[in-house]
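# Descriptive structure summary
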Amino acid sequence: MQLKFNTRDPVYMQVIRYFKTQIATGVLEPGEEIPSRREIANMFKINPNTAQRAYKEMEEQGLIRTERNFPSKITRDESVIQHVREELVVTAVNDFVDAIKPVNVPLDELLDLVKQKYAGADDQKGGALDD
Amino acid sequence: MIEVKNMVKKFGFKKVLDDVSFTAEKGQITCLIGVNGVGKTTIMNAIMNLTPINGGDILIDGQKLNKHTYEKVTFIPDAITMLPQMKIGEAMEFMSDFYDSWNEARANDMIDFFRLNKNDRINTLSKGNTAKANLLMGLALDVDYVLMDEPFSGIDMFSREQIANVFTSHLIEDRGVIITTHEIQDIEHLIDKAVLLDNGTVYRSFDVEELRENEGKSIVDVMREVYQG
């Protein structure tokens, strides 16, 4: 797996963001085992101490659970997962609003465009299979 | 921990290192950064007692350098030190005769890791494979500290990736590493600590994650401030 890290955000936060996205989009399911810290360090080509820190932080936030001598697992706590999903949506919307605000588009027009694009994005996904 | 305290080094009248102090902890990767001629290699040579220093102290796990410290630290210079007509296998035997801390199993492990052939002669190897063989000789020693001088210089990107992979593998595990490099991009996400040298002294040393967290800067950002600002 290749994950492109940027050089200005703390790497451990980028690792957490990666896991949050995976949880929110359901790629990682509740209770699913995740790779060990060393495997993650190796996969992402990051410092093992950083991987350790990311896991520790995720444990504190209740995103993963680690029992002694067992691989870490994604939480089964629905409220945590729901919270992660909301966080992801809010962040994405905030980014979008920040980007579009200076353009000064009327809200109705903007929402129409969003609806159109949103539906279009699904079509495109389906269409991609044909070619 | 390797401690360099107030180190001074002169070549003739020229002071090349002036009051250099930093530490490198076990289990961490410390990167010495600086433009050419700033004294990175000299620092490594001094830690290995390969060049006399004119002031200051170097301590390894709290002890001054003595003949036993060579079984604690390994130095991987930027060029291979084995005889060129030796086969890789023969160079391994040489190392095994020379060092108590030679770990044959790990050496064989690295032959596989780097896809090297023990029957190849060192003078027939490509530049990339020479660098890998060189790393093998150093990393196969069971020592707590590893010094690497420019392990990436002049090497193609795939070999560089392969070498960078060493840092996240069991080959480094909980050892302390001091590395010098120009190709900071290759290992930006791998290092714990950066020591920036300028004009023969430590300009700034910092924990790279803290830098990103507190200042939102990359290592290269700070390098620009120092060397171009």
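Structure: above.
Read on for an overview of the structure. (Residues numbered from 1 in each chain as written. Chains lettered and ligands numbered in written order. Predicted model: local features only at pLDDT ≥ 70, side-chain atom pairs only at ≥ 80, totals over all residues. Heavy atoms only, no water.)

This part covers the overall build of chain A. What chain A contains, in helices and strands, is five helices and two strands. For chain A, the N- to C-terminal ordering of α and β elements is α-α-α-β-β-α-α. Each of the three principal axes of chain A carries a C-alpha extent, and together these read 55 × 35 × 35 Å. Expressed as a percentage of the 131 residues in chain A, the buried residues total 27%. Of all intrachain contacts in chain A linking residues separated by at least 6 positions in sequence, the fraction that spans at least 24 positions is 51%. A total accessible area of about 9,000 Å² is found for chain A, and carbon and sulfur atoms account for 53% of it. The averaged location of the 22 negative side-chain charges in chain A is 9 Å from the averaged location of its 18 positive side-chain charges. (Helix = DSSP H or I, 4+ residues; strand = E, 2+ residues; numbered from the N terminus. Buried < 20%, exposed > 50% of the residue type's maximum accessible area, 1.4 Å probe, protein only. Contact = heavy atoms within 4.5 Å. Areas by Shrake-Rupley, 256 points an atom, 1.4 Å probe, with all protein chains shown as cover. Lys, Arg positive; Asp, Glu negative; His and termini not counted. Charge placed at Lys NZ, Arg CZ, Asp CG, Glu CD.)

Moving on: the sheet that holds strand β2 (residues 14–24) of chain B. Residue and element names in this part refer to chain B. The strand order across the open sheet formed by four strands is β2-β1-β4-β5, and the pairing between neighbours is antiparallel. Each edge of the open sheet carries a strand with a single partner, namely β2 and β5 (63–64). Across the face of the sheet, helix α1 (residues 40–47) comes into contact with β1 (2–11), β2 and β4 (55–60) while running at roughly 115° to β1. (Pairing = 2+ DSSP bridges. Axes fitted to C-alpha atoms, helices over the stretch in contact; angles between N-to-C directions.)

Let's shift gears to the pattern of salt bridges. Residue and element names in this part refer to chain B. Considering all chains together, one arrives at 19 salt bridges over all chains under this definition. A salt bridge links Asp186 to Arg160; the shortest N-O distance between them is 2.7 Å. Within this pair, whereas Asp186 is found in helix α6 (residues 184–187), its partner Arg160 is found in helix α5 (residues 157–166), the two being separated by 26 residues in sequence. Put simply, Arg204, Glu215, Lys217 and Glu225 are held in one network by salt bridges that share partners. (Salt bridge = Lys/Arg side-chain N within 4 Å of Asp/Glu carboxyl O.)

What follows deals with the packing of helix α2 (residues 88–98) of chain B against helix α3 (residues 104–113) of chain B. Residue and element names in this part refer to chain B. Relative to each other, α2 and α3 sit at 155°, their axes nearing to 11 Å. Judged by the inter-axis angle, α2 sits roughly antiparallel to α3. Crossing handedness for the pair α2 and α3: right-handed. Here α2 contributes Ile88, Met92 and Ser96 to the contact with α3, which in turn contributes Glu104, Ala107, Asn108 and Ile111. When grouped by side-chain class, the residues that make up the contact of α2 with α3 number four nonpolar, two polar and one charged. (Parallel < 35°, antiparallel > 145°, perpendicular 65-115°, else oblique. Left-handed = near helix turned anticlockwise from the far one by under 90°. Nonpolar A, V, L, I, M, F, W, Y, C, P; charged D, E, K, R; others polar.)

Attention shifts here to helix α2 (residues 37–44) of chain A. All names here are of chain A. Buried within α2 we find Ile40, Ala41 and Phe44. Relative to the axis of α2, the buried residues are bounded by an arc of 100° and lie together on one face. Immediately downstream of α2, the backbone of Lys45 shows phi near 60°, a positive value. (Arc of directions from axis to C-beta.)

Looking now at helix α8 (residues 219–228) of chain B. In an α-helix, one turn spans 3.6 residues, which is why side chains three or four residues apart end up on the same side. Among the residues making up α8(B), those that are buried are B:Ile219, B:Asp221, B:Val222, B:Met223 and B:Val226. Packing partners of the buried residues in α8(B) comprise β3 (29–33), α6, β9 (193–198), β10 (201–207) and α7 (208–215) of chain B.

To continue, consider the nonpolar core. In this structure, B:Met148 and B:Phe167 are the most contacted members of the largest nonpolar core, which totals 52 residues. Both of domain 1 (2–72 + 144–228) and domain 2 (83–142) of chain B provide at least three residues apiece to this core. Setting aside residues up to four positions removed in sequence, B:Phe167 forms contacts with A:Pro48, B:Ile29, B:Met148, B:Phe152, B:Ile172, B:Val177, B:Ile179, B:Ile187 and B:Leu190. (Core = buried A, V, L, I, M, F, W, Y, C linked by side-chain atoms within 4.5 Å. Domains from an automatic or database assignment.)

Turning next to the sheet that holds strand β7 (residues 145–149) of chain B. Residue and element names in this part refer to chain B. On the basis of which strands lie adjacent, the open sheet formed by six strands has the order β6-β7-β8-β3-β9-β10 and mixed pairing. With one partner strand each, in any of the chains shown, β6 (73–76) and β10 form the two edges of the open sheet. Each neighbouring strand pair of the sheet contributes to a mean axis angle of 15°, computed without reference to strand direction. Here β9 pairs with β10 via six bridges, running antiparallel. Across the sheet, Ala194 pairs through a bridge with Phe206, a residue of β10. Sheet strands touched by α7: β9 and β10. Its angle to β10, the strand with the most contacts, is close to 75°. Lying over the sheet, α8 contacts β3, β9 and β10, oriented at roughly 15° with respect to β9.

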